[in-house]
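Next come the chains, spelled out residue by residue.
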Amino acid sequence: MPLSDFAGRNAFITGGASGIGLATAHALARAGANVALADIEPEPLEVARAAVAAHGGKTIAIPLDVSDAVAVATARDRFLAELGTPHVLINNAGVSLRPTLLGDVGPGKWDWLLGVNLLGVVNGVTAFVPEMLRRGEGGHIVNTASIVAMQVHPFLHNIPYRMSKAGVVNLSECLDLEYGLAEAGIGVSVFCPALVSTGIINSSFRRPERFGGSFSNDASAKVDSFTDVGAAATPDFTAALLLDAIKTDTFFVFTHPECADWIGERDAKIRAGFAQLDRVAETYASPS
Ligand SMILES: NC(=O)c1ccc[n+]([C@@H]2O[C@H](COP(=O)([O-])OP(=O)(O)OC[C@H]3O[C@@H](n4cnc5c(N)ncnc54)[C@H](O)[C@@H]3O)[C@@H](O)[C@H]2O)c1
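Here we summarise the structure given alongside this text. What you see as residue numbers is a count from 1 along each chain, following the sequence as written. Per-residue local features of the predicted model are confined to residues with pLDDT of at least 70, and side-chain atom pairs are confined, for both listing and counting, to 80 or more; whole-chain, interface and lining totals are unaffected and use all residues.

## Structural notes on the overall build of the protein
In this description a helix means any DSSP run of H or I spanning at least four residues, a strand means any run of E spanning at least two, and both kinds are numbered starting from the N terminus. For the protein, the helix and strand inventory stands at 7 helices and 7 strands. Each helix and strand of the protein, ordered N terminal to C terminal, gives the series β-α-β-α-β-α-β-α-β-α-β-α-β-α. Seen through its principal axes, the protein has C-alpha atoms that stretch 70 × 50 × 35 Å. Whether a residue is buried, exposed or partly exposed follows from its count of other C-beta atoms within 10 Å of its own C-beta, namely 20 or more, 12 or fewer, or something in between, respectively; the C-beta atoms are built from the backbone. Buried residues in the protein amount to 43% of all 288 residues. Any residue pair is listed as a contact if its two C-beta atoms, each placed from the backbone, are within 7 Å. Here the analysis covers contacts within the protein between residues at least 6 apart in sequence; of these, 76% occur between residues at least 24 apart.

Right, here's the structure in full:
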């Protein structure tokens, strides 16, 4: 049974200090949920906590680097102690490079991008899902990927970002099999936004010291990013999409209808691969 009512439910949201995560926190709190916001930026996090708390539910702020598995497990323990059973897990924290050619990425950026965007989601899942299962109250997991995980965008030179987000889609597709979530009444969604009006372009200033610290993204800019998806969605609209996806147990969540055509192009390439297989298999004779 999908979660139909958020009143009194407990949600953990990473990257909750701004953008999509903060808008989702507001939407959940407005619907009566208790919310834990986790973020690497302590000051905006505290501002966000105070704003979300104004809706009346219990709201806590947990400073956290999601790429640190030990820290995520500690955050989970604090969540359990202060809010109780986790019902909604939103692995939203993410960082982006400006478009960067592959040869210009360098190790500090690879480790950071994959550490936050991909392993950050793994850390959230491995810390929280066993506890959600153990408590037996059902729930929902939302993992934030990106539309770039789903298709080969013709202009966007950002392979590390795309790879990290493709991993999130793959992970999300495997979760039910891995944990038997459906039987436990736990749904999964993977969020694939195209363009949302947030401050994600400032991600480089949030790179932890162990990945090389803060840097300016501008030097690596080579090409413009999305130019063909129309207007950016607002964070509030994405929050409405996510709450609806949880209530209706919708797996893929998109923001821009234009992207269906890009995915269709990728699908056509995949089908061409199978057509080639059929053609070769029909005429193939084993060398004797
Ligand atoms: N904005 C877009 O157009 C867009 C498009 C596709 C996907 N996304 C994804 O949506 C998610 C939310 O991004 P947003 O657009 O709201 O950007 P945002 O920058 O407003 O929010 C991201 C939040 O994650 C936090 N964060 C960064 N590194 C962290 C870390 N190591 N540990 C914990 N928190 C960390 C940031 O401090 C920030 O509050 C990201 O996963 C992003 O990749 C965004």
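## A few points about the nonpolar core
Formed by 70 residues in total, the largest nonpolar core has its most connected members in Leu28, Val35, Ala36 and Leu37. Setting aside its immediate chain neighbours within four residues, Val35 contacts Ala11, Ile13, Ala25, Leu28, Ala29, Val52, Gly57 and Thr59. As used here, a nonpolar core is made of buried Ala, Val, Leu, Ile, Met, Phe, Trp, Tyr and Cys residues. They are joined through C-beta atoms within 7 Å.

## Considering the environment of Gly136
Turning to its location among the elements, Gly136 is positioned in the loop between helix 4 (107–135) and strand 5 (139–144). For Gly136, a count of 10 C-beta atoms within 10 Å corresponds to the exposed category. Between the C-alpha atom of Gly136 and that of Pro63, which follows or precedes it by 73 residues, the distance is 28 Å.

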